[in-house]
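Residues per chain are reported as follows:
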Amino acid sequence: PDETYKSKNGEFKDNGDMDLDEEDHEACCNLFITIGKTIDKNVAANFMRVCFTKMAKFGNDKKLSARTRFMYKDLIDLRHDNWEPRRKQEKAKTLDEIRKDVEREERLQAQQSQQYNNNNNNNNRGGRGGGGRGGGGGNMGNRGRGGYDNNRRGPDNYMSQRSMRTPKPQIQVDDDGFTTIVGGRSTRTLGGTSSGGGSSSGGGGGGGRGGSSRRNISPKPSRSPQRSPPRSPTPSSAPAAPSAGSSSGDSNKPAPLSKEKLERRIDNIRAEFMQDPTNIQELLLSVDELAGTPDAGFTFVSRNSDRIMDCKDDERKAIVTVISTLFEKSKLTKDDVGRGVGDVLEFIDSFVIDSPRAYEYMGDMLSALFHVKAIDIDWFCKVLEKTKSNPGTDAPERTVKECIVATKSKYGTGEANELYSGGAAKSKLVAVLGDDKWNVIAKDVLTDV
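Predicted, not measured: the structure shown is a model, and the values here were computed from it. Residue numbering note: each chain is counted from 1, following its sequence as written. Local features are withheld for residues below a pLDDT of 70 in this predicted model, meaning they are given only at 70 or higher, and side-chain atom pairs are given and counted only at 80 or more; totals for whole chains, interfaces and linings count all residues. Just so you know, side-chain values use all the structure's heavy atoms and leave hydrogens and water out.

**Brief notes about helix α3 (residues 66–80)**
Now for step 1: By definition, any uninterrupted DSSP run of H or I lasting at least four residues is a helix, any uninterrupted run of E lasting at least two residues is a strand, and each is numbered from the N terminus. One less than the residue count of a helix, multiplied by 1.5 Å, gives the span that helix is expected to have. For α3, spanning 15 residues, the distance from its first C-alpha to its last is 21 Å, which sits close to the expected 21 Å at 1.5 Å a residue.
Now for step 2: Structurally, α3 contributes buried residues whose contacts are with α1 (22–39) and α2 (45–59).
Now for step 3: Once α3 ends, the next one or two residues include N82, with phi positive near 60°. In this description, contact between two residues means that some pair of their heavy atoms is separated by no more than 4.5 Å.

Take a look at the structure:
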């Protein structure tokens, strides 16, 4: 007999029609596999009950093929298991997922390559003192008499190499004109003799006669009676020359990225932060990888600022947190933030067409940047003046109003009054908005002004 059920979406009933072909049965099962989890809610409980009661009948109908009956039974089991399949199905990856995998592999390869280079540099620095006359050489081409090859493999030598991973030597010039190299386990004076362990690549620092290769050498700098070449008038301002075998500071920077690769990396950094917002250290390390690319900070802020106009609330919140955190950690400068956000704010009217809440989103981000002092009232007024290029625009007053509302909501009325109406801030905003518009805004959203 037909059963009729009522729900908010109308009446549903089983009309008893059992005449469906094979394709209809398969299409019905595939439809519920795709959307079943989405529509299986309380509001559609009656509808789902009617459908699955009918499916139970199909599952036991001997007139249907075994394949069709088992499709219905599998579908019923799937619903019983809260729409979680027994076996995880492999799905085609999106372009973003593929790009993210590529970026992860590139980062891993870069880290492995850098670690390999660091190990080679450490191995070529020489020994810490030979066991016999002549000491241990730094490499095979420069072994001293009675020395040993520091690159030989073995448990003792391996431990020796591990213990040699010390900070790079630094050149120091004292007030008397003596130049010394201080660093690691050895100290060497330019033009003088070695004190203790091995020197840089190409020289073997000899220990005392019969000395041990595990002997600890005092790190105190020693002076040589030989003076260094005449110093320039401002020695403190001259950069220290790199020690032998070391590379300059610029070579330690990551290679610059192309525009497309930089933008893809920025998007991946944002996505990775959203997955684990508590891992600030990983965020900082990821941003450090952009250091070799010119204007990376500006591009980072600009791309994320543009993104807030067309994303979901959780991603928008993550963007604001990322930019604020990176500024507080000195990974972004005020210039990066000012230029990046300013480009979006200047043309905010063009975003309103596709994003009606654009002013609200911008006010939320600006309030956070005001709070961490990444922007100030002078920058704010300067950009607001640029928004007036569109005749008849109400961008300045709407932006100011949303900034005040967001600041009050997140940081309190006191901070809102201090930022927008305290000191010279009020007079500067009045100069941009005019007395009438400012008084309306102050009356609506500010107190104690």
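**Details of unusual backbone geometry**
If a residue is not glycine, its phi is most likely negative; likewise, a peptide bond is most likely trans.
Now for step 1: A positive phi angle is found at N82, which is not glycine, with a value near 60°.
Now for step 2: Tracing the backbone shows N82 in the loop between α3 and α4 (95–123).
Now for step 3: Residue burial is assigned from relative accessible area. The probe radius is 1.4 Å, only protein chains are included, and a residue is buried under 20% of its type maximum, exposed over 50%, and partly exposed in between. A relative accessible area of 58% places N82 in the exposed class.
Now for step 4: Backbone geometry at S330 places phi at a positive 65°, although glycine is not the residue there.
Now for step 5: Within the element layout of this structure, S330 appears in the loop between α9 (313–328) and α10 (334–346).

**Some details on the nonpolar core**
Now for step 1: To define a nonpolar core, start from buried Ala, Val, Leu, Ile, Met, Phe, Trp, Tyr and Cys residues and group those joined through side-chain atoms within 4.5 Å. Membership of the largest hydrophobic core comes to 62 residues, with the highest contact counts inside it found for V337, F380 and W438.
Now for step 2: Ranked by size, the runner-up nonpolar core spans 14 residues in total, among them C29, F32, M48 and L64.

**Observations concerning a nonpolar patch on the surface**
Now for step 1: Patch criteria: residues need more than 30% relative accessible area and no salt bridge. Like-charged residues are merged within 9 Å; nonpolar side chains of Val, Leu, Ile, Met, Phe, Trp and Tyr are merged within 5 Å. Computed with a 1.4 Å probe, the accessible areas rest on the Shrake-Rupley method; for each residue, only the protein chains presented here act as cover. One side-chain nitrogen of Lys or Arg within 4 Å of one carboxyl oxygen of Asp or Glu is enough to make a salt bridge. Nonpolar side chains collect at one region of the surface, where L95, I98 and V102 lie side by side and expose about 260 Å² of accessible area between them.
Now for step 2: Along the chain, I98 falls in helix α4.

**Topic: the pattern of salt bridges**
Now for step 1: Per the stated rule, a full pass over the model turns up 28 salt bridges.
Now for step 2: Between K428 and D378 there is a salt bridge, with the nearest N and O atoms lying 2.5 Å from each other. Within this pair, whereas K428 is found in helix α16 (residues 425–433), its partner D378 is found in helix α13 (residues 377–387), the two being separated by 50 residues in sequence.
Now for step 3: K428 gets classed as partly exposed once you look at its relative accessible area, which sits at 30%.
Now for step 4: Notably, a salt bridge pairs E385 with K388, separated by 3.6 Å at the nearest N-O pair.
Now for step 5: Three or more residues joined by partner-sharing salt bridges are found here, namely E263, D267, R270, R303, R307 and E315.

**Re the environment of P396**
Now for step 1: Take P396: it is sitting in helix α14 (residues 395–411).
Now for step 2: Sequence-wise, P396 and E346 are 50 residues apart; in three dimensions their C-alpha atoms are separated by 9.8 Å.
Now for step 3: When neighbours within four sequence positions are excluded, P396 is seen to be in contact with L384, T387, K388, V432 and L433.

**Observations regarding the state of the cysteines**
Now for step 1: Disulfides are defined as cysteine sulfur pairs within 2.5 Å. Under the defined criterion, the tally for this structure stands at 0 disulfides.
Now for step 2: In this structure C29 is a free cysteine whose sulfur lies 5.6 Å from that of C28, the closest cysteine sulfur available.
Now for step 3: Between C51, a free cysteine, and C28, which holds the nearest cysteine sulfur, the sulfur-to-sulfur gap is 7.2 Å.
Now for step 4: Judged by its relative accessible area of 17%, C51 falls in the buried class.

**Here's the deal with the confidence of the model for the chain**
Now for step 1: Per residue, pLDDT captures the predictor's confidence, and it can take any value from 0 to 100. In this model, the chain carries a mean pLDDT of 75, and residues with pLDDT of at least 70 account for 66%.
Now for step 2: Note that residues 126–166 has pLDDT below 50 and, in this model, 99 contacts with residues that lie over four places away or in other chains.
Now for step 3: Across residues 184–249, where pLDDT falls below 50, the model places 113 contacts with residues more than four positions away in sequence or in other chains.

**A look at the packing of helix α6 (residues 259–275) against helix α7 (residues 280–288)**
Now for step 1: Inter-axis angles, ranging from 0 to 180 degrees, are taken between N-to-C directions of lines fitted to C-alpha atoms, where helices are fitted over the stretch in contact. Remark: α6 packs on α7, axes separated minimally by 10 Å, with the N-to-C direction vectors making an angle of 175°. The orientation of α6 with respect to α7, classified from their angle, is roughly antiparallel. Of the residues in α7, those in contact with R265, I269, E272 and F273 of α6 are I280, L283, S286 and V287.
Now for step 2: Throughout this entry, Asp, Glu, Lys and Arg are counted as charged residues, while Ala, Val, Leu, Ile, Met, Phe, Trp, Tyr, Cys and Pro are counted as nonpolar. The remaining residues, Gly among them, count as polar. Looking at the contact of α6 with α7 residue by residue, the classes come out as 5 nonpolar, 1 polar and 2 charged. Geometric relationships in this document are graded by angle, where less than 35 degrees denotes roughly parallel, more than 145 denotes roughly antiparallel, 65 to 115 denotes roughly perpendicular, and other angles denote oblique.

**Observations concerning the packing of α6 against helix α8 (residues 296–307)**
Now for step 1: At a closest axis distance of 10 Å, the pairing of α6 and α8 adopts a crossing angle of 60°. Judged by the inter-axis angle, α6 sits oblique to α8. For α6 against α8, the interelement crossing comes out right-handed. In contact with L262, E263, I266, D267, I269 and R270 of α6, α8 contributes A296, T299, F300, R303, N304 and R307.
Now for step 2: In terms of residue class, the contact of α6 with α8 is made up of 5 nonpolar, 2 polar and 5 charged. The crossing is said to be left-handed when, going from far helix to near helix, the turn is anticlockwise and less than a right angle, and right-handed when the turn is clockwise.

**Some points on the packing of aromatic side chains**
Now for step 1: Whether two aromatic rings pair depends on their centres lying within 6.5 Å, for rings of Phe, Tyr and Trp, where Trp uses its six-membered ring; planes under 30 degrees apart make the pair stacked, over 60 edge-to-face, and the rest tilted. This structure, assessed with the given rule, holds 5 aromatic pairs.
Now for step 2: Centre to centre, the rings of F32 and F52 are 5.7 Å apart; their planes meet at 80°, and the pair counts as edge-to-face. Of the two residues, F32 sits in helix α1 while F52 sits in helix α2, which places them 20 residues apart along the sequence. Here F32 and F52 have matching classes, each one buried.
Now for step 3: Ring plane angle 85° and centroid distance 5.4 Å describe the contact between F370 and F380, whose orientation is recorded as edge-to-face. With a gap of 10 residues between them, F370 in helix α12 (residues 358–371) and F380 in helix α13 connect regions that are remote in the sequence. Across this residue pair, the class does not change: F370 and F380 are buried.
Now for step 4: The lysine or arginine in question, R339, covers the ring of F298, its NZ or CZ lying 4.4 Å from the ring centre. Throughout this description, the term charge over a ring refers to an Arg CZ or Lys NZ atom that lies within 6 Å of the ring centre and within 35 degrees of the ring normal.

**Regarding helix α15 (residues 413–420)**
Now for step 1: Taken together, the buried positions of α15 are A416, N417 and Y420. The buried residues of α15 occupy an angular sector of 95° when the element is viewed end-on, so they sit on one face. Seen from the buried face of α15, the exposed residues on the opposite side, beyond 90 degrees, are G414 and E418. Picture the helix axis, draw a direction to every C-beta atom, and the arc is the one those directions span.

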